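# An overview of the molecular structure
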Amino acid sequence: MGFNNEGVEAAISKLKKNKGKLIIGGNIGKNTNTKPEDYTKDYLECFNALHPYVDYFVLNVSCPNVGSHAKLNDKDYLLELIGAVQKANKTFEKQKPILLKIAPDLNDGQLDEIVELVQETNLDGVIASNTSTDRDWLKTSKQRLDEIGNGGLSGQPIKAKSTRVIRYLAEKSGKAFPIIGVGGIHSAEDALEKLDAGADLVQIYTGFIYEGPSLIKNINKEILKKA
């Protein structure tokens, strides 16, 4: 599907209505058909346009829905991309926090590189994790999955993978940077699992669809009990 939307200007027209009532994150990525040599240009265009209207930025380098993104997993390119965005950030009077959103499918060696990357660039944190390309835990037949095609898998099937990534990053870095935990949070217990693994904040999307707004209330109540 890619990042189906009406474009950055349409997003800005809606963000202008926020009036500071909500904390808004700008989750930016490359367009599906963008050539590798123009990836950074895509990120910078979105970053510069959205900067006055969002409170923090997410460099999404792990979305399975935007075609080939092998280059986005290359540490040398990530250093280039992060450096370019951080340079653009300094041109604004008020700089915004920048976080990196990573995949749940990374191995330990790749996660080690993420820790090094964050420390080298002084990024403001990591979002762990994005959706997965792994289909091994699904009950759906391979034939049906092939018919559905590529895309990012979210929700309960990626809960354990996401938690593992959070725990690894937290332990490997010695809690050196903030981690936002995402993936398979369908209950207060799921949220506490992410926090216990080392997440500082949690995000929900699939769980919000299936469980509804009460999920947020239930999570907050359980967090307060442990405070």
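Look up a bit, the structure's there.
These numbers come from a predicted model, not from an experiment.

Counting residues in hydrophobic clusters, the biggest one holds 43 residues, and the most contacted among them are Ile102 and Leu169. When residues in this core are grouped by element, the largest group, 6 residues, is from helix H3 (residues 75–89). Setting aside residues no more than four positions away along its own chain, Leu169 makes contact with Ile102, Leu111, Ile114, Val115, Val126, Ala128, Phe177 and Ile179. Residues Leu99, Ile127, Ile180 and Val182 belong to the second largest nonpolar core, which totals 6 residues.

For helix H4 (residues 108–121), spanning 14 residues, the distance from its first C-alpha to its last is 20 Å, which sits close to the expected 20 Å at 1.5 Å a residue. Within H4, burial applies to Leu111, Ile114, Val115, Leu117, Val118 and Thr121. Looking down the long axis of H4, one finds its buried residues gathered within 160 degrees of arc, a one-sided arrangement. Elements in contact with the buried residues of H4: H3, strand E3 (98–102), strand E4 (125–128) and helix H6 (159–173). Among the residues of H4, the N-terminal cap falls to Asn107, whose side-chain oxygen and the backbone nitrogen of Gly109 are separated by 3.1 Å. Looking one or two residues past H4, Asn122 carries a phi angle of roughly 60 degrees, positive in sign.

Burial of the side chains of strand E5 (residues 179–182) extends over both faces: Ile179 and Gly181 are buried on one face and Ile180 and Val182 on the other. Where E4 meets E5, 3 bridges bridge the pair, whose relative direction is parallel. Each bridged residue has a counterpart across the sheet, and for Val126 the counterpart in E5 is Ile179. For E5 and strand E6 (residues 201–203), the ladder comprises 3 bridges, and the chain directions are parallel. Across the sheet, Gly181 pairs through a bridge with Val202, a residue of E6. Between the parallel elements E5 and E6, the chain passes through helix H7 (residues 188–197) in a crossover that is right-handed.

This part covers the packing of aromatic side chains. For the coordinates displayed, the defined rule picks out 3 aromatic pairs. Here Tyr39 and Tyr77 contribute two aromatic rings whose centre-to-centre distance is 6.3 Å and whose plane-to-plane angle is 75 degrees, an arrangement assigned as edge-to-face. In this pair, Tyr39 sits in helix H2 (residues 39–50) while Tyr77 sits in helix H3, placing the two residues 38 residues apart along the sequence. Centre to centre, the rings of Phe47 and Phe57 are 4.2 Å apart; their planes meet at 40 degrees, and the pair counts as tilted. With Phe47 in helix H2 and Phe57 in strand E2 (residues 56–60), this pair connects stretches of sequence that are 10 residues apart. Given the relative accessible area of 0%, Phe47 is considered buried. Under the relative-accessibility criterion, Phe57 is labelled buried at 0%.

Glancing now at H2. When the terminal C-alpha atoms of H2 are compared, their 17 Å separation across 12 residues agrees well with the 16 Å that a helix rising 1.5 Å per residue should span. Each element contacted by the buried residues of H2 is listed here: helix H1 (8–15), strand E1 (25–28), E2, H3 and E3.

Topologically, Ser173 is positioned in helix H6. The class for Ser173 is buried, based on a relative accessible area of 11%. Among the polar contacts listed, one links the side chain of Ser173 to the backbone oxygen of Leu169, at a separation of 2.7 Å. Among the polar contacts listed, one links the side chain of Ser173 to the backbone nitrogen of Ala176, at a separation of 3.3 Å. The residues touching Ser173, leaving out its near neighbours within four places in the chain, are Val115 and Gln119.

It is worth spelling out the side chain of Ser132 at this point. For Ser132, the location among the structural elements is in the loop between E4 and helix H5 (142–148). In this structure the side chain of Ser132 is engaged in a polar contact, spanning 2.9 Å, whose partner is the backbone nitrogen of Asp134. If we ignore the near neighbours within four places in the chain, the residues touching Ser132 are Pro64, Pro104, Asp105, Gly151, Gly152, Leu153, Ile158 and Lys161.

Quick notes on the rules
Residues numbered from 1 in each chain as written. Predicted model: local features only at pLDDT ≥ 70, side-chain atom pairs only at ≥ 80, totals over all residues. Heavy atoms only, no water. Core = buried A, V, L, I, M, F, W, Y, C linked by side-chain atoms within 4.5 Å. Buried < 20%, exposed > 50% of the residue type's maximum accessible area, 1.4 Å probe, protein only. Helix = DSSP H or I, 4+ residues; strand = E, 2+ residues; numbered from the N terminus. Contact = heavy atoms within 4.5 Å. Expected span 1.5 Å × (residues − 1). Arc of directions from axis to C-beta. Polar contact = N/O pair within 3.5 Å; in protein donor to acceptor, adjacent residues only side chain to side chain. Pairing = 2+ DSSP bridges. Right-handed = clockwise from strand over helix to strand, strands pointing away. Phe/Tyr/Trp six-rings, centres within 6.5 Å; stacked < 30°, edge-to-face > 60°.

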